[in-house]
Amino acid sequence: MRSYGITDIGRNRNMNQDFIFYSDEPVGMFPNLYIVADGMGGHKAGDYASSFSVERFVQFVREKTDSHLVLVMRQAIEAVNEELLEKSESNDDYKGMGTTFVAAVIEDNTMYVMNVGDSRLYVADDKLKQITMDHSLVEEMIRSGGLNRDEARNHPVKNVITRAVGAQKTIMPDFFEVSLYPKEHILLCSDGLTNMVDDDEIMEIIEEKKEVEPIVHKLIERANFYGGRDNISAIVVMQD
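About the thresholds
- Residues numbered from 1 in each chain as written.
- Predicted model: local features only at pLDDT ≥ 70, side-chain atom pairs only at ≥ 80, totals over all residues.
- Heavy atoms only, no water.
- Helix = DSSP H or I, 4+ residues; strand = E, 2+ residues; numbered from the N terminus.
- Rg over C-alpha atoms; globule rule 2.2 N^0.38 Å.
- Buried < 20%, exposed > 50% of the residue type's maximum accessible area, 1.4 Å probe, protein only.
- Contact = heavy atoms within 4.5 Å.
- Areas by Shrake-Rupley, 256 points an atom, 1.4 Å probe, with all protein chains shown as cover.
- Lys, Arg positive; Asp, Glu negative; His and termini not counted.
- Charge placed at Lys NZ, Arg CZ, Asp CG, Glu CD.
- Axes fitted to C-alpha atoms, helices over the stretch in contact; angles between N-to-C directions.
- Parallel < 35°, antiparallel > 145°, perpendicular 65-115°, else oblique.
- Left-handed = near helix turned anticlockwise from the far one by under 90°.
- Nonpolar A, V, L, I, M, F, W, Y, C, P; charged D, E, K, R; others polar.
- Phe/Tyr/Trp six-rings, centres within 6.5 Å; stacked < 30°, edge-to-face > 60°.

Explain the overall build of the protein chain to me, using residue names and the numbers behind them.
The secondary structure content of the protein chain amounts to seven helices and 11 strands. A globule of 240 residues ought to have a C-alpha radius of gyration of about 18 Å, and the protein chain, at 17 Å, matches this closely. Looking at the protein chain as a whole, 55% of its 240 residues are labelled buried. Considering only residue pairs separated by 6 or more positions, the protein chain has 69% of its internal contacts joining residues 24 or more positions apart. Accessible area for the protein chain stands at about 11,000 Å²; split by element, carbon and sulfur atoms hold 46% of it. Charge-centre separation for the protein chain: the mean point of 25 positive side chains lies 2 Å from the mean point of 42 negative side chains.

Here is the structure:
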């Protein structure tokens, strides 16, 4: 397993509220772990929400010694959600904060994915396939037939998400189990990438660069070239 990740402030923001973690080595009982979180909230609240959520999640995983991967992921995100919500409710500086969260673990050619919000995970073989489903107002409009994908890209409520870590008392993550094949690329990213670079161009970059580090650098560069309106985070993982 090989991976590489970058989080970049972009061109329009004065603070990076994204936070990433990636490890090809074991993290507690997990054989590896990859996470992208995109925080929201005024002042430093979004920055705190994303960094706290990722670091606390990793700490929780390190402390676990048994149970199934998916169960541990659920327990960890529930614990993080509870602690983040408590911080938000007890401190006015952090009121209303929250974060997206997408995480993946790969074991024996099977990938276990969890997501909350609109940060995404893709698998690229001969084409780019989005595995996660956005928890966003625009995605709900698409599913109901009121909006198509092209209209959604620049919709005025594009950034309104319907689920976030730390935003509600009860958290409802989605889980996915994906069979992987050698040489496939996995991409975890925040919407600072996908709002700037469309799926076809992301796939072109993956096919052109092939290796994880140059792919990530090119994705970040391209998102900034198109305006870099938000923080940009990307982790690319490749099966050996």
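Let's hear about the packing of helix H1 (residues 45-63) against helix H2 (residues 69-90): which residues, and what values?
To describe two helices that pack against each other, one gives the angle between their axes and the distance between the axes. Two elements in contact, H1 and H2, have axes whose closest approach is 9 Å; the angle formed by their N-to-C orientations is 140 degrees. On the basis of their axis angle, the class for H1 and H2 is oblique. Both H1 and H2 take part in a crossing whose hand is right-handed. Judged by residue contacts, Tyr48, Ala49, Phe52, Ser53, Arg56, Phe57, Phe60 and Val61 of H1 engage Val72, Met73, Gln75, Ala76, Ile77, Ala79, Val80, Glu83, Leu84 and Lys87 from H2. A class-by-class count of the residues in the contact of H1 with H2 yields 13 nonpolar, two polar and three charged.

Describe the packing of aromatic side chains, naming the residues involved and giving the relevant values.
Taken as a whole and assessed by the stated rule, the structure comprises five aromatic pairs. Judged by centre distance (4.7 Å) and plane angle (40 degrees), the ring pair of Tyr48 and Tyr94 falls under tilted. One end of the pair, Tyr48, is in helix H1; the other, Tyr94, is in the loop between H2 and strand S4 (98-99), and 46 residues separate them in sequence. On the numbers, 5.0 Å between centres and 50 degrees between planes, the contact of Phe57 with Phe101 is tilted. Of this pair, Phe57 sits in helix H1 while Phe101 sits in strand S5 (residues 101-107), placing them 44 residues apart in sequence. The pair Phe57 / Phe101 is uniform in exposure class, with both members buried. Members of the aromatic cluster, each reached through a chain of ring pairs, are Tyr48, Phe52 and Tyr94.

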